[in-house]
Amino acid sequence: MTTILETRSLCYSYGDGTKALKDVCISLQEGKKVALVGPNGAGKSTLMLMFNGILRPSEGEVLFRGRPMSYDAASLRSIRRAVGMVFQNSDDQLFAPTVFQDVAFGPTNLGYAAEKVSRYVGFALQYVGLSGYERRPPHHLSGGEKKRVAIAGILAMEPDVMILDEPTSNLDPASSEEIMEMLDELNYGGKTLIISTHDVDLAYRWADEVILMKEGSVVRRGTGQEVFGDAELIKGARLKLPLVVELYQELAGRGIAQRSAPPKNILELCDLLGPKSRTEEWGRIYICNVDEVDEKQVVEVLQTIPAGFRGAMGNSAKAMAERCGISMDFTYGVIDKCILKALLGKNCIIMTSGGMVDHIIQRIRDYGQESGARIEAISLLKCTEILK
Ligand code: ADP
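Rules used in this analysis
Residue numbers run consecutively from 1 along every chain, following the written order of its sequence. With the structure being a predicted model, the display of local features is reserved for residues of pLDDT at least 70 and the display and counting of side-chain atom pairs for 80 or more, all residues being used for whole-chain, interface and lining totals. As a rule here, side-chain values cover all heavy atoms of the structure and leave hydrogens and water aside. A run of DSSP states H or I qualifies as a helix once it reaches four residues; a run of E qualifies as a strand once it reaches two. Both are numbered from the N-terminal end. Each residue is assigned to one of three classes by its accessible area relative to the maximum for its type, calculated with a 1.4 Å probe on protein chains only: buried under 20%, partly exposed between the two thresholds, exposed over 50%. We call two residues contacting when some pair of their heavy atoms lies within 4.5 Å. Between 30 and 60 degrees the pair is tilted, below 30 it is stacked and above 60 it is edge-to-face, where a pair is any two Phe, Tyr or Trp rings, Trp via its six-membered ring, whose centres lie within 6.5 Å. Charges are assigned to positions over rings by a cutoff of 6 Å between ring centre and Lys NZ or Arg CZ, combined with an angular limit of 35 degrees from the ring normal. An automatic or database domain assignment supplies the residue ranges for each domain. Note on definitions: buried area is the accessible-area loss of two parts on being combined, 1.4 Å probe, summed for both. Definition used for salt bridges: Asp or Glu carboxyl oxygen within 4 Å of a side-chain nitrogen of Lys or Arg. Think of a polar contact as two N or O atoms within 3.5 Å of one another; within protein, one of them needs to be a possible hydrogen donor and the other a possible acceptor, and neighboring residues in sequence only count if both atoms come from side chains. Strand pairing requires that DSSP identify at least two bridges connecting the strands. Axes, fitted as lines to C-alpha atoms, cover a helix only where it is in contact. Angles between the N-to-C directions of the axes lie from 0 to 180 degrees. Residues are classed as near a molecule or strand on a simple rule: at least one heavy atom within 4 Å of it. Method for areas: the Shrake-Rupley scheme with a 1.4 Å probe, in which residue coverage is limited to the protein chains shown. Here a helix's expected span is defined as the number of its residues, less one, multiplied by 1.5 Å. Put simply, buried Ala, Val, Leu, Ile, Met, Phe, Trp, Tyr and Cys residues joined by side-chain atoms within 4.5 Å make one nonpolar core.

Chemist: Help me out: how do you make sense of the environment of Ala203 in this one?
Modeler: Mapped onto the elements, Ala203 comes out in helix H8 (residues 200-206). Assessed through its relative accessible area of 0%, Ala203 is described here as buried. Measuring from C-alpha to C-alpha, the distance between Ala203 and Ser353 comes to 25 Å, with 150 residues separating the pair along the chain. With residues near it in sequence (within four places) discarded, Ala203 still touches Ala35, Val37, Thr197, Val210 and Phe228.

Chemist: Any chance you could explain the packing of aromatic side chains here in plain terms?
Modeler: The description of two aromatic rings rests on the distance between their centres and on the angle between their planes. For the structure on display, the rule yields six aromatic pairs. Ring geometry for Phe95 and Phe105: centres 5.1 Å apart, planes at 90°, overall edge-to-face. Here Phe95, found in the loop between helix H3 (90-93) and helix H4 (99-109), pairs with Phe105, found in helix H4; they are 10 residues apart in sequence, far enough to count as distant. Phe95 sits in the exposed class, given a relative accessible area of 55%. We classify Phe105 as partly exposed; its relative accessible area is 41%. Centroid distance Tyr112 to Tyr120: 5.5 Å. Interplanar angle 70°. Geometry classified as edge-to-face. A cation sits over an aromatic face here: Lys116 above Tyr112, 4.1 Å from the ring centre. The lysine or arginine in question, Lys264, covers the ring of Tyr204, its NZ or CZ lying 5.4 Å from the ring centre.

Chemist: I keep staring at the domain arrangement of the protein and nothing clicks. Help me out?
Modeler: Accessible area lost upon the coming together of the parts serves often as the stated size of an interface. What the domain assignment lists for the protein is domain 1 (3-236), domain 2 (243-273) and domain 3 (284-387). Computed over C-alpha atoms, the centres of domain 2 and domain 3 are 28 Å apart. Taken together, the contacts link four residues of domain 2 with seven residues of domain 3. In this assembly, domain 2 packs against domain 3 so that about 420 Å² is buried in total across both faces, 64% of it on carbon and sulfur atoms. The tally of links between domain 2 and domain 3 comes to zero salt bridges. Applying the counting criterion to the domain 2 and domain 3 interface returns two residue pairs in polar contact (both at pLDDT 80 or more).

Chemist: So what exactly am I meant to see when it comes to the sheet that holds strand E12 (residues 309-312) here?
Modeler: Through backbone hydrogen bonds, the strands of a sheet pair up, either in parallel or in antiparallel fashion. As summarised here, the arrangement of the four strands in space is E12-E13-E11-E14, forming an open sheet in which the pairing is parallel. The open sheet terminates on both sides in strands that have one partner only, identified here as E12 and strand E14 (376-380). Taken over all neighbouring pairs, the strand axes of this sheet differ in orientation by 20° on average, direction set aside. Bridge count between strand E11 (residues 284-289) and strand E13 (residues 348-352): five bridges; the pairing is parallel. When the sheet's bridge partners are listed, Asn289 is paired in E13 with Thr352. Against the sheet, helix H14 (residues 315-324) touches E12 and E13, its axis set at about 110° to E13. Contacts from helix H15 (residues 334-343) reach E11, E12 and E13, with the element oriented near 165° to E13.

Chemist: Help me out: how do you make sense of unusual backbone geometry in this one?
Modeler: Working note: non-glycine residues mostly have negative phi, and peptide bonds are mostly trans. At Ser9, a position not held by glycine, the phi torsion is positive, near 45°. Topologically, Ser9 is positioned in strand E1 (residues 3-13). By relative accessible area, which is 37% here, Ser9 ends up partly exposed.

Chemist: Can you help me understand the site of the ligand in this one?
Modeler: Every residue near the ligand is listed here: Tyr14, Asp16, Thr18, Ala20, Pro39, Asn40, Gly41, Ala42, Gly43, Lys44, Ser45 and Thr46. One of the side-chain nitrogen or oxygen atoms of Ser45 is found 2.7 Å away from an oxygen atom of the ligand. Relative to its unbound accessible surface of 550 Å², the ligand loses 61% to contact with the protein. Of the residues forming the shell around the ligand, the biggest block, three residues, is contributed by helix H1 (residues 44-51).

Chemist: What am I meant to see in helix H5 (residues 114-127) here?
Modeler: Three or four residues apart is the spacing at which side chains of an α-helix point the same way, because the helix has 3.6 residues per turn. In this model, H5 (14 residues) spans 20 Å end to end at C-alpha, consistent with the 20 Å of a helix rising 1.5 Å per residue. For H5, the secondary structure elements touched by its buried residues are H4, helix H6 (143-155), helix H7 (173-188) and H14. Following H5 by one or two positions, Gly129 has its phi on the positive side, about 80°.

Chemist: Could you clarify how one ought to interpret the pattern of salt bridges in this entry?
Modeler: Pairing between side chains of opposite charge can happen when the charged atoms of each approach one another. One pass over the full model with this rule turns up 16 salt bridges. Of the charged contacts, one joins Glu30 and Arg65 as a salt bridge, the two residues approaching to 2.8 Å between their closest N and O atoms. Highlighted residues: Glu30 in the loop between strand E2 (19-29) and strand E3 (33-37) and Arg65 in the loop between strand E4 (59-64) and strand E5 (67-68), separated in sequence by 35 residues. Given the relative accessible area of 32%, Glu30 is considered partly exposed. The exposure class assigned to Arg65 is partly exposed, which follows from its relative accessible area of 36%. Here the residues in one salt-bridge network are Glu6, Arg8 and Glu61, joined through shared partners.

Chemist: Sorry, what's going on with the nonpolar core here?
Modeler: Within soluble globular proteins, side chains that are nonpolar tend to cluster in buried spots. Ranked by internal contacts, the top residues of the largest apolar core, which has 56 residues, are Val103, Ile151 and Leu183. Shared between two domains, this core holds at least three residues of each, these being domain 1 (3-236) and domain 2 (243-273). The residues contacting Ile151, other than those within four sequence positions of it, are Val86, Val128, Met162, Leu164, Ile179, Met182 and Leu183. Counting 32 residues, the second largest nonpolar core, distinct from the first, contains Leu10, Ile26, Phe51 and Leu55.

Quick look at the structure:
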């Protein structure tokens with residue numbers, strides 16, 4: 001595994017003498033999803049600002065791809081392209097009169113030609129599901145849309161790492177889930193993601209690695225199960241346990257559920273409680289790649305496939321469903337929800353775009369191997385073949 005960001009004995013004091021970071025030594029691996037958690041004032045935002053050179057260490061150093069960061073103008077431009085930062089409050093980030101100008105700011109500053117800037121802006125807006133919003137003023141958009149514009153502004157610079165300070169704060173549950181799904185999609189595409197959050201449920205189920213900070217120091221790092229499995233530690237950090245962990249601990253205390261580590265999600269919790277798998281018939285999960293079909297074909301596929309539940313993963317699939325006027329049963333947590341339905345013998349279809357198909361199949365196969373449930377994942381590689 002490649003270390004992409006590293007801090008060595010990193011200390012930072014603000015001008016008024018507040019010691020915000022004390023001897024922080026961490027290394028982050030490329031391609032991982034990392035969540036920084038901890039109470040207010042723990043130093044999460046300060047650490048994030050260190051990662052893209054907005055703040056400069058008082059002591060110690062930050063390394064990007066093994067090289068200590070330099071703080072001259074050219075080095076800072078290069079690090080801020082490679083490590084993009086999305087601020088907690090979108091209004092702090094969005095300032096241009098139109099969405100296009102806002103997203104174009106980064107690539108224009110990198111010196112790209114106008115045609116290239118337009119192409120990158122178009123791609124980034126399409127990715128975040130906001131094609132057609134180019135002329136709108138950002139301050140008239142909803143909170144979720146503003147967050148997407150801010151993310152597009154970073155994406156347009158093709159960063160290796162994206163840092164998001166409290167990406168779901170002030171968003172309604174559906175917008176939060178959509179943002180997190182989008183981050184998942186970016187991660188499948190190879191981006192390293194670092195978020196800070198107070199939402200322990202989100203950190204627990206989303207992150208590959210959780211870093212718990214308190215009073216400027218890292219007090220524990222590990223998988224969600226390792227960090228949140230320690231109830232005393234979590235309480236000491238003024239956080240609460242993720243609901244699934246709390247429920248598991250209650251059930252384990254009553255002798256109803258036993259396992260060495262808490263379950264990662266509702267699916268695993270259900271498996272702990274019920275029979276591992278049904279012996280009768282499992283449902284099938286069909287996967288339709290929307291990159292390969294037009295609206296008419298999608299409608300035909302959905303009419304032909306005997307699926308009781310429909311899910312859309314990723315913005316292209318959600319946009320396609322909207323264009324087709326098709327309502328979806330699941331738009332977030334789609335794979336697990338479809339597995340839960342398949343365990344009850346129901347068929348599902350997941351609409352998604354190219355890069356996600358293999359991931360979905362793998363996840364369903366992994367679950368099948370762990371649980372013994374024989375849920376078939378059927379990729380409609382060419383959706384149209386089903387129509388023949
Ligand atoms: P978190 O993101 O975990 O809430 P921060 O990194 O924002 O923590 O803050 C860490 C510490 O630094 C806190 O004690 C906070 O009050 C202090 N701090 C943050 N920003 C400033 C600032 N601009 N000036 C002085 N102190 C600050």
